[in-house]
Amino acid sequence: MKSFSLFSIVLFFSTFCLAQADFPSLSPKGTISQTVGNTQISIEYERPAVRNRIIFGGLVPWNKVWRTGAGYCTKITFDKEVIVGGQSVAAGTYSLFTIPTPTQWTVILNSDVSLYGSYDYDSEKDVARFIVRPQTSQRFYETMTLDIDVVPNDAVIYFSWANIQISFPVQTTTDQEVRAYISQDLLTGTSTDAEQYVLFAEYLLIHNLDFFHAIQLTDKSMELEETEYAYRIKMEILEKIGNTSEALEIARKGKVFVEGREFGSELGKERTITIWQEAIDRIQKQLDGDE
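Worth saying up front: this structure is predicted, and the values here are computed from it rather than measured. (Residues numbered from 1 in each chain as written. Predicted model: local features only at pLDDT ≥ 70, side-chain atom pairs only at ≥ 80, totals over all residues. Heavy atoms only, no water.)

### With respect to the overall build of the chain
Along its length, the chain carries seven helices and ten strands. In terms of overall dimensions, the chain has C-alpha extents of about 90 × 60 × 40 Å along its principal axes. Relative to its 291 residues, the chain shows a buried fraction of 40%. For the chain, restricting intrachain contacts to residue pairs at least 6 apart in sequence, the fraction spanning at least 24 positions comes to 55%. Carbon and sulfur atoms provide 52% of the accessible area of the chain, an area that totals close to 16,400 Å². With 26 positive and 39 negative side-chain charges, the chain shows a spacing of 10 Å between the two charge centroids. (Helix = DSSP H or I, 4+ residues; strand = E, 2+ residues; numbered from the N terminus. Buried < 20%, exposed > 50% of the residue type's maximum accessible area, 1.4 Å probe, protein only. Contact = heavy atoms within 4.5 Å. Areas by Shrake-Rupley, 256 points an atom, 1.4 Å probe, with all protein chains shown as cover. Lys, Arg positive; Asp, Glu negative; His and termini not counted. Charge placed at Lys NZ, Arg CZ, Asp CG, Glu CD.)

Here it is, written out as structure tokens:
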């Protein structure tokens, strides 16, 4: 009987300790990672909840350095050099601190990522510091949330908690690298890959950049290999810049090209020809409307 009682006690405490180990954190860890252009941005943080408390001006005092989270400092990582809040930041991992006030927040990136809270924060280790204006959020955020919005090739980091939201921009070097590649490898004719020329012509088209060079790239692609892709991109560029008559000419050439192509199925060929005919009809209407 005694041995049974002893076994029961051991089992109880073992179960109790296991239950303690599994108790959910009041500020669970959160992570977000996002590819932005040529750059990987990652954030790791602990997410406190409101739990019926006054947050800003209460739990989070005004005019004091805050860890921008709970527990250990919030960390943000860039795998390439970026511009954050208008300031150049080298590739690496940084702690994210803020100094909230009712009318403006100071956002800080600091090189010390080992800190618990902001107790040993050292401003001498700041790598970037800038001001943002807080906004009232239409949504109430029970749990503190950090998010990365992708704005083609760049990003906006959003912080939201309770009914307050701040944001700041992150610029990548994507456009610089793309322009350098176009200038050094494509416009010079160094590359022999026809698809590369059209890919980057489409890039310029999508981002409304340098249509003159975009047309040059489609032409260089066609010199290497005649493709439906190149006809389509050149047609769209010409439409976009208002050169409707030449766009119509390219559309007609594109249709002739696909009519002479081999397809895996007759249905696929018919659908493709129909798409080109619709493009011809659309551009023709534009021309007729201009007359």
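### Section: a nonpolar patch on the surface
A cluster of nonpolar side chains, contributed by Tyr-72, Tyr-116 and Tyr-119, occupies part of the molecular surface with about 410 Å² of accessible area. Within the secondary structure, Tyr-119 sits in the loop between β7 (105-110) and β8 (126-132). (Patch = residues over 30% accessible without salt bridge, like charges linked within 9 Å, V, L, I, M, F, W, Y side chains within 5 Å. Salt bridge = Lys/Arg side-chain N within 4 Å of Asp/Glu carboxyl O.)

### Topic: helix α6 (residues 244-259)
The terminal C-alpha atoms of α6, which comprises 16 residues, lie 23 Å apart, in line with the 22 Å expected from a rise of 1.5 Å per residue. Those residues of α6 lying buried are Thr-244, Ala-247, Leu-248, Ile-250, Ala-251, Gly-254, Lys-255, Phe-257 and Val-258. (Expected span 1.5 Å × (residues − 1).)

### Observations concerning the nonpolar core
Phe-56 and Phe-78 are the most contacted members of the largest nonpolar core, which has 34 residues in total. Elements represented by at least two residues in this core include exactly β2 (39-46), β3 (75-78), β4 (82-84), β6 (92-100), β7, β8, β9 (135-151) and β10 (154-171). The leading source of residues in this core is β10, at nine residues. Setting aside chain neighbours within four positions, we find Phe-78 in contact with Gln-40, Ile-41, Val-84, Val-89, Ala-91, Gly-92, Tyr-94, Leu-109 and Val-170. In this structure, Leu-204, Met-235, Ile-237 and Ile-283 belong to the second largest nonpolar core, which totals 31 residues. (Core = buried A, V, L, I, M, F, W, Y, C linked by side-chain atoms within 4.5 Å.)

### Looking at the pairing of β6
Two faces belong to every sheet, and in a regular strand the side chains alternate between them. In terms of burial, β6 is largely enclosed, as seven of its nine residues are buried. With four bridges joining them, β3 and β6 adopt antiparallel strand pairing. By the bridge assignment for β6, Thr-77 is matched with Thr-93. Of the pairings in the sheet, the one linking β6 to β7 comprises six bridges and is antiparallel in character. (Pairing = 2+ DSSP bridges.)

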